[in-house]
Amino acid sequence: MSVERFDVIIIGAGLSGIGAARYLKKRLPGKSFVILETKPRMGGTWDLFRYPGIRSDSDMHTMGYAFKPWKHPKAISEAGAIIQYIQETAAENDIDRHIRYRHRTVSASWSSEQSLWTLEVEQGDGRHVQLQGQCIFSCAGYYNHNEGYLPEWPGYYDYKGMLVHPQFWPEDLDYAGKRIVIVGSGATAVTLAPALAEKAAEVVQLQRSPTYVVSRPSEDVFNTFLKTFLPSKLAYQATRWRTIITGALRAKRFAKNPKRAKGMLIDLAKAQIGPDCDIKHFTPDYWPGQQRICRVPDGDMFNAIRAGRVKMVTDQIERFDASGIQLKSGGRLDADIIITATGLVLQALGGIRYTVDGQAIEPGKLLTYKGLMYSNVPNLIYFIGYFGASWTLKVDLVADYACRMLKHMDEVGARQVTPRAGNDVFAKPPRRLPVTSGYILRAAGRIPRQGAEFPWTADSNYLGDRKTLLRGAILDDTLDFSGPKPVVLPPLQRAEPALQQAAE
């Protein structure tokens, strides 16, 4: 079987993958690359989710690429405009021809003897092919596109109405005039509620615990003003930096005095909801910064509550029955449609089976290196955005760093680069993250973790990462640039025997 070979294989044609490809083409135009995308279209997350009202949960002047101005008037924008932005980026940089759709990467095996990754890829027709690459850019995101999180509720399958998970929204779902219960409290729930309320007879958002929700203008008036007398690129950069700096200052204030920050956020919600809604529905039991804050454009969620089109219920589910949900408080909610906006299922490495020199890689035993590589895994760069800021801010930095790393390898004649970690690194207690989001806590032990100290840590801090990734030196005491050199995992990182056998 003939095997195609590339310098770089990019996995995923979403916001990260297209951005990474653009940096690669501009910084290292001599490198050959291919983009493998499981779905039949580009867009990633923004193509997957199709539920009504889907939009960005971050300001698009920071969620857009550093190199391409966001020109759409809405800073909190709908998915269609974001997909168009990604498509424009691909077309403008001649990236489209490098994408292979309906190509699902099944496994990736590293050979130090060859200094190559060999990928087994399933095509849309079911046939399997192999591709080889010196380096992998993993841009597949951090959650499973084929599975959404669903708690185990008593009587769930007794319900006779329609059950919908937002990750798998039916395109032909007719909800006009229907009674709808949305189970959940995060960004998906607060996006769906006002959108569905425009046609539904009744919308109830049922949450076990509240989330911080704030209103933000959908249009950035500062950017609109700047564009009246500045070129769009300059206006974009000015708006982008204004958003970055104000966000960093806000995060610093929240961390310094979380009690005061919590009071401020609750007061803002109280001013929005009106007299008929209890503020308890917007009073979380955690501090700001421990979970993402939900931003609603132009207060659409609050407007729907004040107008009586959306009702909030904070309670726990006792059980489902044929016509609705019985609550632990003794109440019940009847519904024609129940939407389970209950979250994501995290997965590492895009769900791909990885081996290094015949040794199976167990994601939960990996340490993150500067938030872009993994312990003792050669020539693999992963792209994951920030928890408390825009995703693409980190993508831009990682892409720039990756190109500098590859350039350095060419200059010194290295064929592989590996963040080396011995037992002394793994033996130290891991750093505890100040997050309480359910989807992160549920994945503990199954996804890579942070170490005790730098460089085995990854902060959600763009300004700090600029110093490390954009201006910091590539060489350090951890990265091992070499020719063919076997990788032997330390005992604390080796996979369990069962996993090892499965990989073989």
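The coordinates are above.
Just so you know, these numbers come straight off a predicted model, no measurement behind them. (Residues numbered from 1 in each chain as written. Predicted model: local features only at pLDDT ≥ 70, side-chain atom pairs only at ≥ 80, totals over all residues. Heavy atoms only, no water.)

Chemist: Provide a residue-level description of the pairing of strand β24 (residues 416-419), including the pertinent values.
Modeler: Along β24, one buried face is formed by Gln416 and Thr418 and the opposite face, lined by Val417 and Pro419, is buried too. For β24 and strand β25 (residues 479-482), the ladder comprises 4 bridges, and the chain directions are antiparallel. Residue Thr418 lies in a different strand from β25, and its bridge partner there is Asp480. (Buried < 20%, exposed > 50% of the residue type's maximum accessible area, 1.4 Å probe, protein only. Helix = DSSP H or I, 4+ residues; strand = E, 2+ residues; numbered from the N terminus. Pairing = 2+ DSSP bridges.)

Chemist: Can you explain the side chain of Asn93? Please cite residues and give values.
Modeler: Its location among the elements puts Asn93 in the loop between α4 (79-92) and β3 (99-101). Residues contacting Asn93, with those up to four places away along its chain left out, are Arg22, Lys25 and Lys26. (Contact = heavy atoms within 4.5 Å.)

Chemist: Help me get a handle on the packing of helix α7 (residues 232-256) against helix α13 (residues 462-470), residues and values and all.
Modeler: Packed helix pairs are specified by the crossing angle of their axes together with the interaxial distance, meaning the distance between the axes. One way to put it is that α7 packs onto α13 with a least axis distance of 10 Å and a crossing angle of 110 degrees. Judged by the inter-axis angle, α7 sits roughly perpendicular to α13. Across the interface between the two elements, Trp241, Ile244 and Ala248 from α7 touch Tyr462, Leu463 and Arg466 from α13. Its residues assigned to classes, the contact of α7 with α13 comprises 5 nonpolar, no polar and 1 charged. (Axes fitted to C-alpha atoms, helices over the stretch in contact; angles between N-to-C directions. Parallel < 35°, antiparallel > 145°, perpendicular 65-115°, else oblique. Nonpolar A, V, L, I, M, F, W, Y, C, P; charged D, E, K, R; others polar.)

Chemist: Summarise the side chain of Ser390; cite the residues concerned and give the values.
Modeler: You can see Ser390 is positioned in the loop between β23 (380-382) and α10 (391-412). Judged by its relative accessible area of 4%, Ser390 falls in the buried class. Side-chain polar atoms of Ser390 contact the side chain of Thr62, separated by 2.5 Å. Ignoring any residue separated from it by four or fewer positions in sequence, one finds Ser390 in contact with Ser58, Asp59, Thr62 and Met63. (Polar contact = N/O pair within 3.5 Å; in protein donor to acceptor, adjacent residues only side chain to side chain.)

Chemist: Could you give an account of α10, naming the residues involved and the relevant values?
Modeler: Given a rise of 1.5 Å per residue, 22 residues ought to cover 32 Å, and the 32 Å separating the end C-alpha atoms of α10 matches this to within 8%. Of all the 22 residues making up α10, 17 are buried; the element is thus mostly covered by neighbouring parts of the structure. Within two residues after α10, Gly413 carries a phi angle of roughly 75 degrees, on the positive side. (Expected span 1.5 Å × (residues − 1).)

Chemist: Run through the pattern of salt bridges, naming residues and quoting values.
Modeler: Enumeration over the complete set of coordinates arrives at 25 salt bridges. A salt bridge links Glu88 to Lys68; its shortest N-O distance comes to 3.4 Å. Residue Glu88 is found in helix α4, and its partner Lys68 is found in the loop between α3 (60-63) and α4; the two are separated by 20 residues along the sequence. What makes Lys68 buried here is its relative accessible area of 9%. We note a salt bridge from Glu92 to Lys68, for which the minimum N-O separation is 3.0 Å. Of this pair, Glu92 sits in helix α4 while Lys68 sits in the loop between α3 and α4, and the two are 24 residues apart along the sequence. Connected through salt bridges with shared partners, the residues Arg41, Asp47, Arg50 and Glu171 form a single ionic network. (Salt bridge = Lys/Arg side-chain N within 4 Å of Asp/Glu carboxyl O.)

Chemist: Which residues make up helix α8 (residues 258-273), and what values go with them?
Modeler: Every α-helix carries 3.6 residues per turn, so stepping three or four residues along brings you back to the same face. Relative to the 22 Å expected for 16 residues at 1.5 Å per residue, α8 spans 23 Å between its end C-alpha atoms, a close match to the ideal helical length. All buried positions along α8 are accounted for by Ala261, Lys262, Leu265, Ile266, Ala269 and Ile273. The arc that holds the buried residues of α8, viewed along the axis, is 130 degrees, so those residues lie on one side. Among the exposed residues of α8, those oriented more than 90 degrees off its buried face are Arg260, Asp267, Lys270 and Ala271. The secondary structure elements touched by the buried residues of α8 are β11 (213-216), α7 and α9 (300-306). (Arc of directions from axis to C-beta.)

Chemist: Describe the sheet that holds strand β17 (residues 337-340), listing the residues and the values that go with them.
Modeler: Read from one edge of the open sheet, 5 strands run β8-β17-β9-β10-β13, paired in parallel fashion. The sheet terminates laterally at β8 (162-164) and β13 (310-314), the two strands that pair on one side only. Sheet twist, expressed as the mean angle between neighbouring strand axes with direction ignored, is 20 degrees. Two elements, strand β9 (residues 179-183) and strand β10 (residues 202-207), share 5 bridges in a ladder whose sense is parallel. Bridge assignment links Ile180 to a residue of β10, and that residue is Val203. Here helix α5 (residues 187-197) sits on the sheet in contact with β9, β10, β13 and β17, set at roughly 165 degrees to β10.

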